[in-house]
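One letter stands for each residue in the lines below.
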Amino acid sequence: MVANMVIETTKKIRDMEIRGAGKIARAAVEALKNQIMVSRAKSVNDFIKEVENAANILKSARPTAVSLPNAVNYVLYNIKINKNLDLDELKKKALEACDNFIKNSLEAVRKIGEIGARRISDGDTIMTHCNSKAALSVIKTAFRQGKDIKVIATESRPRYQGHLTVKELSDEGIDVTLIVDSAVRLFMKKVDKVIVGADSIAANGAVVNKIGTSMLALAANEARVLFFVAAETYKFSPQTLLGELIEIEERDASEVADPEKFKGVKIRNPAFDVTPPEYIDLIITEKGVIPPQAAFFVIREELKWSLWNSI
Ligand code: RUB
């Protein structure tokens, strides 16, 4: 039996009612928690099969954010290593794993804010793209520490997540300016640091984030502006260690323009792009700040459990 909440959450993630790599991960774990609570499985084996099935449905919701498979695999791993327990005890362990993931991932955003804010100076102008809780945690923490900062935020076509960002920052009292995506290079002269989030980070330190991120990185590189990525360690992709590529989601053309009005025209809508490690100065994680070239070590140290398939 698949819990209704699993079906509903999968739909909400796919439709972007729930969006942003961190929120997607927590929502998937909440849904898995519900699956575990409502399970009527009579044996450990049936229980594992049921949770695995729900996990696979959730994982299919969006392909790019590795936070999603990493989060549900963390719960599955904790179930697998405890499969010798009786069913009630196993469920208890599984629920504990869900709660731990959610608690730790929220704490990670706070920690990233604290660690990242040390890199922000009084008087800085910061550019950001899309709407990343991790990146905004750095900006808000620096502001709450009394640093006088200004933010330039891109609108982030086609879904305008930049509107969420400017609202969130101006509600906080931060001086924020909204620009169109194509104005990035023009404004880069006024910028001291760029801070963005990540959906996935490959073992070589390449960062996959909202489409247009690599354009900010190029412009920052040209203008010798520092480029920071704020990301929790569960956004690093263990599969890329084995040469697997991160899939770039392509969403419906109607998000860009009405295909009816442009008959005979191809419309493309990739949702993410890849920023090579050479364009990234630092990745700010909850465990500390690393150069992108150290991504491999994060995967080795923090995501050891992700090899659960081989257990
Ligand atoms: C969101 C996006 C965000 C990352 C990180 O894309 O690209 O920068 O997910 O966000 P979408 P966070 O709107 O398509 O989900 O730091 O909040 O996890």
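What you see is a predicted model, and the numbers here were worked out from it, not measured in a lab.

Cut-offs used in this document
Residues numbered from 1 in each chain as written. Predicted model: local features only at pLDDT ≥ 70, side-chain atom pairs only at ≥ 80, totals over all residues. Heavy atoms only, no water. Buried < 20%, exposed > 50% of the residue type's maximum accessible area, 1.4 Å probe, protein only. Helix = DSSP H or I, 4+ residues; strand = E, 2+ residues; numbered from the N terminus. Arc of directions from axis to C-beta. Contact = heavy atoms within 4.5 Å. Domains from an automatic or database assignment. Buried area = accessible area lost by both parts, 1.4 Å probe. Salt bridge = Lys/Arg side-chain N within 4 Å of Asp/Glu carboxyl O. Near = heavy atom within 4 Å. Polar contact = N/O pair within 3.5 Å; in protein donor to acceptor, adjacent residues only side chain to side chain. Areas by Shrake-Rupley, 256 points an atom, 1.4 Å probe, with all protein chains shown as cover. Nonpolar A, V, L, I, M, F, W, Y, C, P; charged D, E, K, R; others polar. Patch = residues over 30% accessible without salt bridge, like charges linked within 9 Å, V, L, I, M, F, W, Y side chains within 5 Å. Pairing = 2+ DSSP bridges. Axes fitted to C-alpha atoms, helices over the stretch in contact; angles between N-to-C directions. Phe/Tyr/Trp six-rings, centres within 6.5 Å; stacked < 30°, edge-to-face > 60°. Lys NZ or Arg CZ within 6 Å of the ring centre and 35° of its normal. Right-handed = clockwise from strand over helix to strand, strands pointing away.

(A) Here's a closer look at helix H7 (residues 161-171). Among the residues making up H7, those that are buried are Gln161, Gly162, Thr165, Val166, Glu168 and Leu169. Along the long axis of H7, the arc covered by the buried residues comes to 165 degrees, so they all point the same way. Buried-residue contacts for H7 involve strand E1 (125-128), helix H6 (133-144), strand E2 (150-154), strand E3 (175-179) and strand E6 (207-210). A positive backbone phi angle near 95 degrees is found at Gly173, which sits one or two residues after H7.

(B) Quick peek at the domain arrangement of the protein chain. Partitioning the protein chain into structural domains gives domain 1 (4-108) and domain 2 (111-302). Computed from C-alpha coordinates alone, the two centres of domain 1 and domain 2 are separated by 27 Å. For the pair domain 1 and domain 2, the summed buried area comes to about 1800 Å², and 52% of that belongs to carbon and sulfur atoms. Applying the counting criterion to the domain 1 and domain 2 interface returns one salt bridge. For the salt bridge of Glu249 with Arg62, the shortest nitrogen-to-oxygen distance reads 2.8 Å.

(C) Spotlight on the site of the ligand. Around the ligand, the surrounding shell holds 18 residues, and the nearest of these are Arg19, Gly22, Gln161, Asn209 and Lys235. Gly22 is positioned such that a nitrogen or oxygen atom in its backbone is 2.7 Å from an oxygen atom of the ligand. Interatomic distance of 2.7 Å between a side-chain N/O atom of Lys235 and an oxygen atom of the ligand. A total of 460 Å² of accessible area belongs to the ligand in isolation, and the protein chains cover 99% of it. If you list the elements that add at least two residues to the shell around the ligand, you get helix H2 (21-38), H6 and E6. For the shell around the ligand, a count of residues per class yields six nonpolar, six polar and six charged. Both domain 1 (4-108) and domain 2 (111-302) contribute no fewer than three residues apiece to the shell around the ligand.

(D) A look at a nonpolar patch on the surface. On the surface, Leu241, Leu242, Phe296 and Phe297 cluster together into a nonpolar patch covering about 420 Å² of accessible area. Summarising the element assignment, Leu242 is placed in the loop between strand E7 (226-230) and strand E8 (272-275). In this structure Leu242 comes out as exposed when scored by relative accessible area, which is 76%.

(E) Quick look at the sheet that holds E3. Read across the sheet, seven strands follow the order E3-E2-E1-E4-E7-E9-E10 without closing on themselves; strand pairing throughout is mixed. At either margin of the open sheet sits one strand with a lone partner, and together these are E3 and strand E10 (288-290). If you compare each strand with its neighbour and ignore which way they point, the axes differ by 25 degrees on average. Note that E7 and strand E9 (residues 282-285) share three bridges and pair parallel. Residue pairing in the sheet places Val229 in a bridge with Ile283 of E9.

(F) Structural view of the packing of aromatic side chains. For the coordinates displayed, the defined rule picks out five aromatic pairs. A centroid spacing of 5.3 Å and a plane angle of 80 degrees characterise the contact between Tyr74 and Trp305, whose relative ring orientation is edge-to-face. Placement of the pair is Tyr74 in helix H4 (residues 67-80) and Trp305 in the segment after helix H10 (295-302), with a sequence separation of 231 residues. Look at Tyr74 and you get buried, because its relative accessible area is 17%. With a centroid separation of 5.0 Å and 65 degrees between ring planes, the pair formed by Phe101 and Tyr234 is classed as edge-to-face. Of the two residues, Phe101 sits in helix H5 (residues 87-117) while Tyr234 sits in the loop between E7 and E8, which places them 133 residues apart along the sequence. In terms of burial, Phe101 and Tyr234 fall into one category: buried. Members of the aromatic cluster, joined through ring pairs, are Tyr74, Tyr77, Phe101, Tyr234 and Trp305. Its guanidinium or amino end placed over the ring of Phe272, Lys210 lies 4.3 Å from that ring's centre, counting from NZ or CZ.

(G) Broad picture of the pattern of salt bridges. One pass over the structure, following the stated rule, counts 22 salt bridges. Asp99 is paired through a salt bridge with Lys33; the nearest N and O atoms lie 2.8 Å apart. With Asp99 in helix H5 and Lys33 in helix H2, this pair connects stretches of sequence that are 66 residues apart. Here Glu172 makes a salt bridge to Arg144, at a shortest N to O gap of 2.7 Å. You can see Glu172 sitting in the loop between H7 and E3 and its partner Arg144 sitting in helix H6, a full 28 residues away along the chain.

(H) Here's a closer look at the pairing of E1. Burial along E1 is two-sided: the face carrying Thr125 and Met127 and the face carrying Ile126 and Thr128 are both buried. When E1 meets E2, the two strands line up parallel, connected through four bridges. Within E2, the position partnered with Thr125 by the bridge is Lys150. Between the parallel pair E1 and E2, the chain is carried across by H6, and the sense of this crossover is right-handed.

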